[in-house]
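A look at the structure
Listed here are the chains, written in short residue letters.
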Amino acid sequence: ENNLPKVLMVAEKPSVAKLVAESLAPNGKTRWRKGQSRAVQIFEFIAWFPPARQKCRIIQTSTIGHIFGLDFANRPHDTADL
């Protein structure tokens, strides 16, 4: 399972991130951990991801505040902190 591609999904609110993760995770079961802020949690689960046409490790998190852009192009592609 560690070799699966990772998919990062970001919700605008922590409560929405939790609902999305529970809705998409098989049987509603996710593994979670705290993020950089105590208000932000990270939910992880394995699920079929149609755009990739395979199972992926889904990482669902959130922001605090508003999302003004959808571009992560300026960020390094190191997912070690996810």
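Structure report, in brief. This structure is a prediction, so every number in the text was calculated from the model and none was measured.

1. Section: the overall build of the protein
A count of helices and strands for the protein gives one helix and four strands. Seen in sequence order, the protein has helices and strands lined up from the N terminus as β-α-β-β-β. Taking as baseline every contact in the protein between residues at least 6 positions apart, the subset at least 24 positions apart corresponds to 51%. Entry remark: accessible area of the protein is about 6400 Å², with carbon and sulfur atoms responsible for 53%.

2. Remarks on unusual backbone geometry
With a phi angle near 60 degrees, Asn27 is a residue other than glycine that sits in the positive phi range. Its relative accessible area of 74% is what places Asn27 among the exposed residues. Phi at Arg53 takes a positive value of approximately 60 degrees, unusual for a residue other than glycine. Relative to the helices and strands, Arg53 is located in the loop between strand E3 (41-49) and strand E4 (54-62). Relative accessible area serves as the criterion here: at 69%, Arg53 is assigned to the exposed category.

3. Regarding the sheet that holds strand E1 (residues 6-11)
Read from one edge to the other, the open sheet built from four strands follows the order E1-E4-E3-E2, with strand pairing classed as mixed. Edge strands, defined here as strands with exactly one partner in the open sheet, are E1 and strand E2 (31-34). Across the sheet, the mean angle separating the axes of adjacent strands is 30 degrees when strand polarity is ignored. Where E1 and E4 come together, six bridges link them in parallel fashion. Note on E4: the bridge partner recorded for Val10 is Thr61.

4. Describing the nonpolar core
Of all hydrophobic cores here, the largest spans ten residues; its members are Val7, Ala11, Ala17, Ala21, Ala25, Phe43, Phe45, Ala47, Cys56 and Ile58. Counting only elements with at least two residues in this core, the list comes to E1, helix H1 (14-24), E3 and E4. Sorting elements by how many residues they give to this core places E3 first, with three residues. The contact partners of Phe43, leaving out residues within four places of it in the chain, are Ala17, Lys18, Ala21, Thr30, Arg31, Trp32, Ile58, Ile59 and Gln60.

How each quantity is defined
- Residues numbered from 1 in each chain as written.
- Predicted model: local features only at pLDDT ≥ 70, side-chain atom pairs only at ≥ 80, totals over all residues.
- Heavy atoms only, no water.
- Helix = DSSP H or I, 4+ residues; strand = E, 2+ residues; numbered from the N terminus.
- Contact = heavy atoms within 4.5 Å.
- Areas by Shrake-Rupley, 256 points an atom, 1.4 Å probe, with all protein chains shown as cover.
- Buried < 20%, exposed > 50% of the residue type's maximum accessible area, 1.4 Å probe, protein only.
- Pairing = 2+ DSSP bridges.
- Axes fitted to C-alpha atoms, helices over the stretch in contact; angles between N-to-C directions.
- Core = buried A, V, L, I, M, F, W, Y, C linked by side-chain atoms within 4.5 Å.

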